[in-house]
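Listed below are the residues making up each chain.
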Amino acid sequence: MTPGLRPADFKISERSTALTALQEELEGIPCTTEPQQLSKLSIDWHTFSPVLSEKLAGKRADIVYFPTSEAEVIRIIQACVRHRIPLTPRGAGTGNYGQAVPLEGGVVLDITRMQSILWTKGGIMRVQPGVKLMAMEKEARKTGWEVRMAPSTFRTATVGGFVSGGFGGIGSITYGVLRERGNILGLQVVTMEAEPQILELRGEAVHQVSHAWGVNGIITEMEMPLGMAYPWAECIVVFDDFMQSARFCQRLGESDGIVKRMISLHAWPIPSYFVALKPYLPEGSHAALLLIAENSLEPLADLVKEWGGQITYTKPAAVCVGGTTSSTGKGITLMEYGYNHTTLHARTADPSLTYIDCLFPADPDLKAMEYLYRTLAEEMMIHIEYLRLNGKVTALGGQLVRYTSEARLREIMQIHRDQGVHVHDCHDFTLDSLQKKDASNRNQQLELKKRTDPLGLLNPGKLKAWMEWQAQQTGSPSM
Ligand SMILES: Cc1cc2nc3c(=O)[nH]c(=O)nc-3n(C[C@H](O)[C@H](O)[C@H](O)COP(=O)(O)OP(=O)(O)OC[C@H]3O[C@@H](n4cnc5c(N)ncnc54)[C@H](O)[C@@H]3O)c2cc1C
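Fair warning: this is a prediction, and the values are worked out from it, not measured in the lab. (Residues numbered from 1 in each chain as written. Predicted model: local features only at pLDDT ≥ 70, side-chain atom pairs only at ≥ 80, totals over all residues. Heavy atoms only, no water.)

Focus: unusual backbone geometry
What counts here: The secondary structure listing takes helices from DSSP runs of H or I that are at least 4 residues long and strands from runs of E that are at least 2 residues long, numbered from the N terminus.
The linkage connecting Trp268 with the following residue, Pro269, adopts the cis geometry, with an omega of 15 degrees. Along the chain, the position of Pro269 falls in the loop between β12 (260-266) and β13 (286-293). Unlike most non-glycine residues, Leu366 shows phi in positive territory, near 50 degrees. Considering the arrangement of structural elements, one finds Leu366 in the loop between β15 (353-359) and α11 (367-375).

Details of the domain arrangement of the chain
Inclusion rule: For the domain bounds, the source is a domain assignment made automatically or taken from a database. Only heavy atoms matter for contacts: two residues are in contact if any of them lie within 4.5 Å across the pair. A quick way to say it: buried area is the sum, across both parts, of accessible area lost when two parts are put together, with a 1.4 Å probe. In the sections that follow, a salt bridge refers to a side-chain nitrogen of Lys or Arg positioned within 4 Å of a carboxyl oxygen of Asp or Glu. Side-chain atoms alone can form a polar contact between residues adjacent in sequence; in general such a contact is a pair of N or O atoms within 3.5 Å, and within protein one must be able to donate a hydrogen while the other accepts it. Basically, the charged four are Asp, Glu, Lys and Arg, the nonpolar ten are Ala, Val, Leu, Ile, Met, Phe, Trp, Tyr, Cys and Pro, and anything else, Gly included, counts as polar.
The domain architecture assigned to the chain consists of domain 1 (7-111 + 442-474), domain 2 (117-228) and domain 3 (232-430). On a C-alpha basis, the centres of domain 1 and domain 2 stand 21 Å from each other. Contacts between the two partners involve 31 residues from domain 1 and, on the opposite side, 31 residues from domain 2. When the two sides are added together, the surface that domain 1 and domain 2 hide from each other amounts to roughly 2,600 Å², 68% of it contributed by carbon and sulfur. When the area that domain 1 buries against domain 2 is broken down by residue, the three leading residues are Glu70, Gln445 and Thr452, summing to 21%. Linking domain 1 to domain 2 there are zero salt bridges. Scanning the region where domain 1 abuts domain 2 turns up ten residue pairs in polar contact (both at pLDDT 80 or more). Elements supplying a minimum of two residues to the side of domain 1 that touches domain 2: α4 (70-83), β3 (87-90) and α14 (439-452). Grouping the constituent residues of the side of domain 1 that touches domain 2 by class yields 17 nonpolar, nine polar and five charged.

Re the site of the ligand
Rule in force here: Proximity is defined per residue: if any heavy atom of the residue lies within 4 Å of a molecule or strand, that residue is considered near it. Using the Shrake-Rupley algorithm and a 1.4 Å probe, accessible areas are obtained, with residue cover drawn only from the displayed protein chains. Buriedness of a pocket was judged along seven lines, with at least five required to meet protein on both sides within 12 Å; pockets are open sets of points on a 1 Å grid over the protein atoms alone, cavities are sets where a 1.4 Å probe fits but cannot get out, and lining residues have an atom within 4 Å of a point. Those molecules having more than half of their atoms within 2 Å of a cavity or pocket grid point set are described as sitting in that cavity or pocket.
Close contacts around the ligand come from 36 residues, with Pro89, Gly91, Thr94, Thr158 and Gly168 the closest. In the model, an oxygen atom of the ligand is placed 2.7 Å from a nitrogen or oxygen of the Gly91 main chain. Within the backbone of Phe167, one N or O atom sits 2.8 Å away from an oxygen atom of the ligand. Coverage of the ligand by the protein amounts to 97% of the 970 Å² it exposes when considered alone. Under a 2 Å grid-point criterion requiring more than half of the atoms, the pocket assigned to the ligand is the largest pocket. At the level of elements, β3, α6 (159-165), β10 (218-228) and α10 (340-349) are the ones that each hand at least two residues to the shell around the ligand. Its residues placed into classes, the shell around the ligand shows 15 nonpolar, 20 polar and one charged.

Quick look at the UniProt feature "domain: FAD-binding PCMH-type" (unreviewed entry) in the chain
Stated formally: UniProt positions are given in the numbering used here, feature names are shortened, and annotations may be inferred rather than shown by experiment.
Listed under "domain: FAD-binding PCMH-type" (unreviewed entry) in the UniProt record, and renumbered for this structure, are residues 56-229. The span residues 56-229 carries 20% helix and 25% strand; its end-to-end C-alpha distance comes to 40 Å.

Side note on the sheet that holds strand β2 (residues 63-65)
Stated formally: One bridge is not enough; two strands pair if DSSP finds at least two bridges between them. Axis definition: a line fitted to C-alpha atoms, over the contacting stretch in the case of helices. Angles run 0 to 180 degrees between N-to-C directions.
Pairing is mixed across the open sheet formed by four strands, whose spatial order is β1-β2-β4-β3. The sheet is open, and its two edges are formed by β1 (31-32) and β3, each paired on a single side. With three bridges connecting them, β2 and strand β4 (residues 107-110) associate as parallel partners. Opposite Ile63, over in β4, you have Val107 as the bridge partner. Contacts between α4 and the sheet are confined to β2, β3 and β4, with β4 contributing the most and set at about 170 degrees to the helix.

Description of the environment of Asp350
Threshold: Only protein chains enter the accessibility calculation, which uses a 1.4 Å probe; a residue is then buried when its area is under 20% of its type maximum, exposed when over 50%, and partly exposed in between.
Turning to its location among the elements, Asp350 is positioned in the loop between α10 and β15. We classify Asp350 as partly exposed; its relative accessible area is 21%. With 77 residues separating them in the primary sequence, Asp350 and Tyr273 have C-alpha atoms 8.7 Å apart.

Section: the pairing of strand β11 (residues 232-239)
The element β11 is largely enclosed, with a buried count of eight among its eight residues. The alternating pattern of β11 places Trp232, Glu234, Ile236 and Val238 on one face and Ala233, Cys235, Val237 and Phe239 on the opposite face, and all of these are buried. Strand direction decides the pairing type here: β11 and β13, joined by eight bridges, are antiparallel. The residue bridging Trp232 from the neighbouring strand is Ala293, located in β13. As judged from the five bridges shared by β11 and strand β14 (residues 310-315), these two strands associate in the antiparallel manner. Counterpart to Val237 in the pairing with β14 is Ile311.

Set out below in structure tokens:
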């Protein structure tokens, strides 16, 4: 390809000829060109954002391949490179930033059929990327382990999609987020070249590819550390005063002797959206949804009493589906009310709601949170997930916003920033806007892309830094 030419620069007729040739060469690998399937497999949950819904409308793959092995992934890569066809990897498509939307069409590489658990030993599991988090948990529990962290979409989300597009989740209050050293042990990655290389990244090098949305390589195997399995009980604690509930949750997070897996806090009226939990959520109360190790229930009860809360619901671990934990079976679990499941439940009741993704500063007085709670009460509801970040219990905000316009949404985001809150722009579809990592890591991801995807065919349009670099090379304006 001429340097600087983007896949989109190819004429439609050239693309169509290239796709025909590609299909002939990839005979035997499962695929679909059925229009409804193409549409379904080209979207994700970016629909939480009215801004992204508008910007990403109509983006669709030309063909979706379902490889079952690394060898098939390599064949697909070779054909795409030969014919200059963009390729966007995809797990279960539960990402909510449009990560897996193929902006320039071409091939979507659905990795959900690569779902072998290769081995488990000594608290480490090596898997193919299409394994679902729930399947990993089930397998780990057979030997007394569990996954360290999982998104609230654990039933459907793949571990490959989680590591490439996710951040952290249930378990992050103990283990931190995926980005923390030691939470991903190794990634095997195939490069997007005429002669694809297979790289095994270990140590801190894994973060060149983790949370990179598949722009600099396709993950074909991964080695994940596990955590010791606990019998998790589920509890709901309610409070009359929101700031009191926030202080309680912070204190619970910092109480290292109380073993926990999730602390998810919801200011009223968010609890009113949790229809199935209604009997345990009194009108007007703020609710903390907790996963606590069963042997920590007694000290939890003491702490709740100290802070003036009331436990309205306790589901012992033994009652949870699967006998030990509800994350391996069917039935209602509080895990599907926290993280972005909060947004999902709220939007089911009121589709005009959207959300803001942010990190509160470490502040024992919770000044920023209190200011936002009081100032924006009319148009925003506070939702916090507590997690451990660089060793400190930190409040991750997933505020629900009554959407009126993009301009007002951005003003609200700015009001957060003015209070020292770090906002991740979940209403932009580029990796750069959402980057939860530092700039040096972004540069490492870019440098790797120059080596692993020299034609810029992988998930094109998602990495601004790449587009800017390309523009510098050719002297043309970036997209
Ligand atoms: C209701 C709801 C709740 C959520 N809760 C959480 C949460 O608690 N925590 C959290 O972090 N996220 C959360 N998310 C976002 C999302 O569900 C998770 O990040 C999930 O792990 C993504 O997995 P997936 O298989 O659906 O990946 P996809 O959405 O299919 O893909 C995610 C990204 O990874 C890339 N990718 C996929 N497979 C590969 C591969 N093999 N190699 C290279 N790149 C690849 C894709 O191109 C895409 O950019 C939530 C989303 C929703 C809708």
